[in-house]
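One letter stands for each residue in the lines below.
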Amino acid sequence: MTVPVLLDCDPGHDDAIAILLALASPEIELLGVTTVAGNQTLAKVTANAIRVLELVGRGDVPVAAGADRPLVREQLVADFVHGDTGLDGPALPPPRGAPLERHAVDVLAERIRERDGRVVLVATGPLTNVALLLALHPVARPERIVVMGGAVAEGNVTPAAEFNVWADPEAAQRVFASGVDVTMIGLDVTHRALMRRDHAERMRAAGRVGRFVAELWDFFSRFHLETYGSEDSPVHDALALVHAFRAGLVETRFVNVEVDCESSLCRGRTVVDVWRRSGREPNVHVGLAVDGEAFVELLVERIRSLG
Ligand code: BDR
Ligand code: CA
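Rules of the game
Residues numbered from 1 in each chain as written. Chains lettered and ligands numbered in written order. Predicted model: local features only at pLDDT ≥ 70, side-chain atom pairs only at ≥ 80, totals over all residues. Heavy atoms only, no water. Helix = DSSP H or I, 4+ residues; strand = E, 2+ residues; numbered from the N terminus. Buried < 20%, exposed > 50% of the residue type's maximum accessible area, 1.4 Å probe, protein only. Pairing = 2+ DSSP bridges.

Enquirer: Let's hear about the environment of S263: which residues, and what values?
Expert: Within the secondary structure, S263 sits in the loop between β10 (257–259) and β11 (270–272). For S263, a relative accessible area of 28% gives the class partly exposed. Distance from S263 to T2, taken between C-alpha atoms, is 42 Å for residues 261 residues apart in sequence.

Enquirer: How would you explain the pairing of strand β6 (residues 181–185) if you had to name every residue and give the values?
Expert: Two faces make up the sheet, and in a regular strand the side chains alternate between them. The buried fraction of β6 is high, at four of five residues. Pairing of strand β5 (residues 144–148) with β6, which is carried by five bridges, proceeds in the parallel orientation. For V147, the partnering residue across the bridge sits in β6 and is M184. As paired strands, β6 and strand β12 (residues 284–290) are joined by three bridges and run parallel to one another. Within β12, the residue paired with M184 across the bridge is V286.

Enquirer: I'd love a proper account of unusual backbone geometry, names of residues and values included.
Expert: Residues apart from glycine generally show negative phi values, whereas peptide bonds are mostly found in trans. Omega for the peptide link from P11 to G12 comes to -5°, which places this bond in the cis form. Position of G12 among the secondary structure elements: in the loop between β1 (3–9) and α1 (13–23). With a phi close to 50°, D116 is a non-glycine residue in the positive phi region. Counting through the fold element by element, D116 comes out in the loop between α4 (104–114) and β4 (120–123). We note that R276 has phi near 50°; this positive angle belongs to a residue other than glycine. Summarising the element assignment, R276 is placed in the loop between β11 and β12.

Now the structure itself:
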């Protein structure tokens, strides 16, 4: 049985790879792609989603644009990782198609209702659209939400916080507290599932799409080399996507997670109660360990299958 998936994203290099991985995975029925301001402005990430779909001849997958800024905070893009277009590196033509003339949140709600809630919502950008969905459409609840975001003990945009949660902490807090089955695929696991140069070269040798992904890696691995001292790079969003259809690669624990929306120093920190110190009820399945090699092998093979 295939898993119906909605992908809410902000492409973004690793979001783009997650889109391609979804299309290359027979376990998934991709019902639609929605976009949210994050790595770049809403206009840029929406254009990027369409460009990636068109690259593989899948302009038929519906794309809807959502929130153009976080719930409360100012919008700040991650051009230091993803460049001015949000997808710097490979040459891609501008989009031929256009997004639906409807707000992403309404499209998500409609698709979820059509499937009686039997949908996995994979969220790989700031959680603004997802928080709005839960607030505006309380009966359109997906069966599960798999979030790329957060970390137990590290940050990548500040010492305390991961980008997606930091970008819209109020939205993340609402999603984690929603009572929906939520999984958090954070830096603890994405930073242990690294795409190396040899993986990129195997993709590059496979054809046009493989070359595109290798060129994405060429670009974002520079950020990782400068920041972490190694070009081996996480493909954060693709790991979250895989978790939607293949349990077992990421090991999770059901614990309490709250988001720091109060302090400035720790804005967007996910306070993960690994040792049950708070007395608060568990609300999130948190990824704590991963079979990184198995994940990247799967990624390489699936991207190569696209040619
Ligand atoms: C997350 O932030 C973005 O830059 C990436 O696309 C990913 O979703 C990693 O912290
Ligand atoms: Ca992303």
